[in-house]
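Tertiary structure, described
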Amino acid sequence: MGYQGQQPVVLPQCDLDDKETLVSEHKHKGKTCRQSAAVFNVVNSIIGSGVIDFSLVLLIKGGALSGTDTYQSLVNKTFGFPGYLLLSILQFFYPFIAMISYNIITGDTLSKVFQRIPGVDPENFFIGRHFIIVLSTVAFTLPLSLYRDVAKLGKISLTSTVLTTLILGIVMTRVISLGPHIPKTEDAWVFAKPSAIQAIGVMSFAFICHHNCFLVYGSLEEPTVAKWSCIIHVSTLVSVFISILFATCGYLTFTGFTQGDLFENYCRNDDLVTFGRFCYGVTVILTYPIECFVTREVIANVFFGGNLSSVFHIIVTVVIITAATLLSLLIDCLGIVLELSGVLCAAPLIFIIPSACYLKLSEEPRTHSDKIMSCVMLPIGAVVMVVGFVMAVTNPQDCTHGQEMFYCFPDNVSLTSISVSHFQLTTPFSVLNLSIFQ
């Protein structure tokens, strides 16, 4: 049932040293990658989509204990067909929703980039979000997603990581040059409001790559739990550092006005941010194929016994991407997509399922650190899933998609003198050249 057609190697239950492997030692040319490429694949998945360090290592340990080499086969071995079916649904919908969100980001971001081209009418159909989503799908994400081997995306993931660093530099620059000119919202510095559970849902969406961890693990030249743990620790450290910087700089700049898509907060005439938007759009396009790999693998495992012929490989890929594209053309608010995906799909994949599998498979004593952490993670995941869903439905985020923020208009050049109670968040498009962006 593995994506490479490999037979799982059954391992001694407590043998978790460097000699462990979840896949056959038989090497297929072009099917492996170095540790550095795996790091970039994981970092790319985390930043576009992330990971919780312990949970991911726990998942691979569960694979070692059960002698399985895919997330689905691990759950099938542990909880039988009902567990396998539930995981397959979650494992399909999480990356599928991620693909939708990436399309939304691509359309929103690159449309503003093309609007800055001199002489281009902002209302031109060919720079609209719908046309850009379709064009980027046909020209880039579909061809990249047709690869059969995830290891070939290593260099692409490196490019995505480098561009993310450039974007971070731009966001950090604007917190200094733009932040002081934007009034702070009331209670801007109150920590952990009741809506924090919703934030956990969004962070769960961001900090997960469990759905593709076995893909990356299997792409290693010599996959072992020890080597995988090292890769995950490095990837997590880099990704968490970048994510914290993004979140901190974004919130310091816009406080309570921060949108689900941070670039929606910046004015369209800001040329430095326009370059950042371009880098961001490219980054998202390069992250998209990794998610498509997972959705296709789920379909292959459930309906085709784990192997797709060349024809069905193309057909399934095209159908998945077409469905994601059509849905992304109908949805334009990113925040609610991230929240619902986080609490309904990501929370079970991160907190609940890996912990449940390990607790059932492991014969370690109850006082073992891994078992203690598993017992903590499982109820946390259940609370985040239930409470997060209720709050996401009853307290949806405001969405100002495609609209210029109030501080981008000539009347608001002296931004610090504006009363917070008179903010206008729904204003028409305006092209403006404020001195604070020079």
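Residues numbered from 1 in each chain as written. Predicted model: local features only at pLDDT ≥ 70, side-chain atom pairs only at ≥ 80, totals over all residues. Heavy atoms only, no water.

1. Overview of the overall build of the protein chain
A tally of regular secondary structure across the protein chain gives twelve helices and zero strands. Ordered by position from the N terminus, the helices and strands of the protein chain form the series α-α-α-α-α-α-α-α-α-α-α-α. Looking at the protein chain as a whole, 54% of its 438 residues qualify as buried. (Helix = DSSP H or I, 4+ residues; strand = E, 2+ residues; numbered from the N terminus. Buried < 20%, exposed > 50% of the residue type's maximum accessible area, 1.4 Å probe, protein only.)

2. Details of the state of the cysteines
Taken as a whole, this structure holds one disulfide when the rule is applied. Put simply, Cys 267 and Cys 408 are joined by a disulfide, and their sulfur atoms are 1.8 Å apart. Here the S-S torsion is close to -90°, and the disulfide linking Cys 267 with Cys 408 is therefore left-handed. Taken together, the residues Cys 267 in the loop between helix H8 (225–254) and helix H9 (271–303) and Cys 408 in the segment after helix H12 (369–394) connect sequence positions 141 residues apart. Note on Cys 267: relative accessible area 0%, which makes it buried. Classification of Cys 408 as buried rests on a relative accessible area of 0%. (Disulfide = S-S within 2.5 Å.)

3. Quick word on the packing of helix H4 (residues 129–145) against H9
It is at 8 Å that the axes of H4 and H9 come closest, and there the two elements cross at 50°. Judged by the inter-axis angle, H4 sits oblique to H9. Once H4 is placed against H9, the crossing between them reads as right-handed. From H4, Ser 136, Phe 140, Thr 141, Leu 144 and Ser 145 reach across to H9, where they touch Ile 285, Leu 286, Tyr 288, Pro 289, Cys 292, Phe 293 and Arg 296. (Axes fitted to C-alpha atoms, helices over the stretch in contact; angles between N-to-C directions. Parallel < 35°, antiparallel > 145°, perpendicular 65-115°, else oblique. Left-handed = near helix turned anticlockwise from the far one by under 90°. Contact = heavy atoms within 4.5 Å.)

4. A few points about the environment of Gln 259
By the secondary structure assignment, Gln 259 is in the loop between H8 and H9. Taking the relative accessible area as the measure of exposure, Gln 259 reaches 16% and is therefore buried. For the pair formed by Gln 259 and Gly 335, sequence separation is 76 residues and the distance between their alpha carbons is 7.7 Å. One polar contact links the side chain of Gln 259 to the main-chain carbonyl oxygen of Phe 257, over a distance of 3.2 Å. (Polar contact = N/O pair within 3.5 Å; in protein donor to acceptor, adjacent residues only side chain to side chain.)

5. Let's talk about helix H11 (residues 334–361)
If you check H11, its first and last C-alpha atoms are 38 Å apart, about what 28 residues at 1.5 Å a residue would give, namely 40 Å. The largest bend along H11 reaches roughly 45° and is located at Pro 348. Most of H11 sits out of view: 22 of its 28 residues are buried. (Expected span 1.5 Å × (residues − 1). Bend = angle between axes of the 7 residues up to and from the residue.)

6. Digging into the nonpolar core
With 59 residues, the main nonpolar core has Tyr 71, Trp 228, Leu 349 and Ile 353 as its most contacted residues. Looking at this core, the elements with two or more residues in it are helix H2 (53–66), helix H3 (71–115), helix H7 (213–218), H8, H9, helix H10 (310–330) and H11. (Core = buried A, V, L, I, M, F, W, Y, C linked by side-chain atoms within 4.5 Å.)

7. Some details on the packing of aromatic side chains
Scanning all chains against the criterion turns up 14 aromatic pairs. Look at Phe 92 and Phe 96: their rings are 5.4 Å apart centre to centre, the planes differ by 15°, and that puts the pair in the stacked class. Here Phe 92 and its partner Phe 96 are both found in helix H3, four residues apart, which amounts to about one turn of the helix. Phe 92 sits in the buried class, given a relative accessible area of 17%. Their ring planes at 20° and their centres at 5.9 Å tell us that Phe 254 and Tyr 407 sit as a pair that is stacked. Here Phe 254, found in helix H8, pairs with Tyr 407, found in the segment after H12; they are 153 residues apart in sequence, far enough to count as distant. (Phe/Tyr/Trp six-rings, centres within 6.5 Å; stacked < 30°, edge-to-face > 60°.)

8. Considering a nonpolar patch on the surface
Nonpolar side chains collect at one region of the surface, where Val 302, Phe 303, Phe 304, Val 311, Phe 312, Ile 315 and Val 319 lie side by side and expose about 640 Å² of accessible area between them. Elements represented by at least two residues in the nonpolar patch include exactly H9 and H10. Here the element with the most residues in the nonpolar patch is H10; it accounts for four residues. Summarising the element assignment, Val 302 is placed in helix H9. With relative accessibility at 32%, the residue Val 302 sits in the partly exposed group. (Patch = residues over 30% accessible without salt bridge, like charges linked within 9 Å, V, L, I, M, F, W, Y side chains within 5 Å. Areas by Shrake-Rupley, 256 points an atom, 1.4 Å probe, with all protein chains shown as cover. Salt bridge = Lys/Arg side-chain N within 4 Å of Asp/Glu carboxyl O.)

9. Considering the environment of Ser 101
Of note, Ser 101 is situated in helix H3. When the C-alpha atoms of Ser 101 and Asp 332 are compared, they prove to be 9.0 Å apart, with 231 residues separating the residues in sequence. Among residues more than four places away in sequence, those in contact with Ser 101 are Phe 205, Leu 334, Val 337 and Leu 338. In terms of polar contacts, Ser 101 uses its side chain to reach the backbone carbonyl oxygen of Ala 98, at 2.7 Å.

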